[in-house]
Amino acid sequence: MVQYKDENIFFKIVYYGMAASGKTTILETLYNLTKEGKRELIPVVELQKIDKTSGATLYFDRGIFQSTIKRKVYYRVYTVAGQKGFSSLRTKVFNKLDADTDSVIFVVDSQVKYFEDNIEFLLELKNITKGRLIKKIPFIVMLNKVDLKDIIDPEDFIQILKKEKLWYEPQHELNLWNPLIYRTCALPSQEKDIYRSFYEIARRTGLYHIYGDGQAPVDKKISDDSILTL
Ligand SMILES: Nc1nc2c(ncn2[C@@H]2O[C@H](COP(=O)(O)OP(=O)(O)OP(=O)(O)O)[C@@H](O)[C@H]2O)c(=O)[nH]1
Ligand SMILES: [Mg+2]
């Protein structure tokens, strides 16, 4: 839930997805891409990471970023721990830390062999968000690790979204807010669309807040608005 503190506004955005899909790496890459101060976003603290020696997240990672255009706007960005046994920790990160979550980036490990595991996590996310995805919680998808072989086709993932009622047909007013599907790589050497995807979720988060009062606004002109937020 959006929070206000001393004239500043804080949004909470969560990277959600299965173990080793790349959430922590994505947040690190986002941090490195923005720290020079040449983008619309700049980190205001070091990344906080609570992990195992293996690198797997044990609880969460957190970064805080400020809009360089609208200086009063901040984003608290979390990753969850993707290992299957950590489901209750994921719920806690999603609902409790700082505040309830404003928007979600669902991170898919694109390797075909993990197709079912990714779906399991999508169902878990649906369960936690209780019918609020898209309608109240903007949501986009990253098909990560597209540098690898044998990867999921975006069209196959859209079929899953349709089956799970997370995709609206063109005649539906919420069609504007269907999750964009980004094909990403988080490795620094081959980085692809890490900033762009975050920018889009930040933009949608702001639009839901300003024009929808916390719900998906249904005016086509608004969804085309390119402002970052506020
Ligand atoms: N080839 C490839 N490897 C990646 C990519 N993104 C992350 N990885 C690798 O995948 C492994 C897991 O990455 P993490 O960022 O720790 O994954 P995570 O989703 O945070 O995992 P949990 O914290 O256990 O949920 C690491 O070895 C990363 O280097 C990518 O885009 N391409
Ligand atoms: Mg992690």
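Everything quoted here is computed from the prediction, not taken from an experiment. (Residues numbered from 1 in each chain as written. Chains lettered and ligands numbered in written order. Predicted model: local features only at pLDDT ≥ 70, side-chain atom pairs only at ≥ 80, totals over all residues. Heavy atoms only, no water.)

K.L.:
Outline the overall build of the protein, listing residues and values.
P.N.:
Looking only at helices and strands, the protein has six helices and nine strands in total. Seen through its principal axes, the protein has C-alpha atoms that stretch 45 × 45 × 35 Å. Of the contacts formed within the protein by residues at least 6 apart in sequence, a portion of 68% connects residues at least 24 apart. (Helix = DSSP H or I, 4+ residues; strand = E, 2+ residues; numbered from the N terminus. Contact = heavy atoms within 4.5 Å.)

K.L.:
Can you explain the site of ligand 1? Please cite residues and give values.
P.N.:
Around ligand 1 lies a shell of 21 residues, among which Lys-23, Thr-25, Thr-57, Gly-82 and Asp-147 are the nearest. Ala-20 has a polar backbone atom sitting 2.9 Å from an oxygen atom of ligand 1. Alone, ligand 1 offers 660 Å² of accessible surface; in the complex the protein occludes 79% of this. Per-element tally for the shell around ligand 1: the top contributor is helix H1 (residues 23-34), with three residues. Partitioning the shell around ligand 1 into residue classes produces 10 nonpolar, eight polar and three charged. (Near = heavy atom within 4 Å. Polar contact = N/O pair within 3.5 Å; in protein donor to acceptor, adjacent residues only side chain to side chain. Areas by Shrake-Rupley, 256 points an atom, 1.4 Å probe, with all protein chains shown as cover. Nonpolar A, V, L, I, M, F, W, Y, C, P; charged D, E, K, R; others polar.)

K.L.:
Could you give an account of empty space enclosed by the protein, naming the residues involved and the relevant values?
P.N.:
On inspection of all chains with the given rule, the structure shows one cavity of 30 Å³ or more. Computed from the structure, the largest cavity encloses a volume of approximately 30 Å³. What lines the largest cavity is simply Met-1, Gln-3, Phe-10, Phe-11, Lys-12, Arg-76, Ala-99 and Asp-102. Looking at the lining of the largest cavity element by element, the count peaks at three residues for strand E2 (residues 8-17). Residue composition of the lining of the largest cavity, grouped by class: four nonpolar, one polar and three charged. (1 Å grid on protein atoms, 1.4 Å probe; cavity = no way out; pocket = protein on both sides within 12 Å on 5 of 7 lines; lining within 4 Å. Points joined across faces, edges and corners; volume = space filled by probe spheres on them.)

K.L.:
Would you mind going over the coordination of the magnesium ion (ligand 2) in detail, with residue names and values included?
P.N.:
Donor atoms from the polypeptide that coordinate the magnesium ion (ligand 2) comprise Thr-24 (OG1) and Thr-57 (OG1), at 2.0 Å from the metal. Linking Thr-24 in helix H1 with Thr-57 in strand E5 (residues 57-67), this pair joins segments that are 33 residues apart in sequence. Overall, Thr-57 belongs to the buried group, its relative accessible area being 7%. (Donors = N, O, S within 2.8 Å, 3.2 Å for Na, K, Ca; no water. Buried < 20%, exposed > 50% of the residue type's maximum accessible area, 1.4 Å probe, protein only.)

K.L.:
Give me the pairing of strand E6 (residues 73-80): which residues, what numbers.
P.N.:
The buried fraction of E6 is high, at eight of eight residues. Residues Val-73, Tyr-75, Val-77 and Thr-79 of E6 are buried on one face, and the alternating residues Tyr-74, Arg-76, Tyr-78 and Val-80, pointing to the opposite face, are buried as well. Here E5 runs beside E6; their pairing, made up of seven bridges, is antiparallel. Counterpart to Asp-61 in the pairing with E6 is Thr-79. Between E5 and the antiparallel strand that follows it, E6, lie five residues. (Pairing = 2+ DSSP bridges.)

On their own, these measurements won't tell you what the molecule is for.
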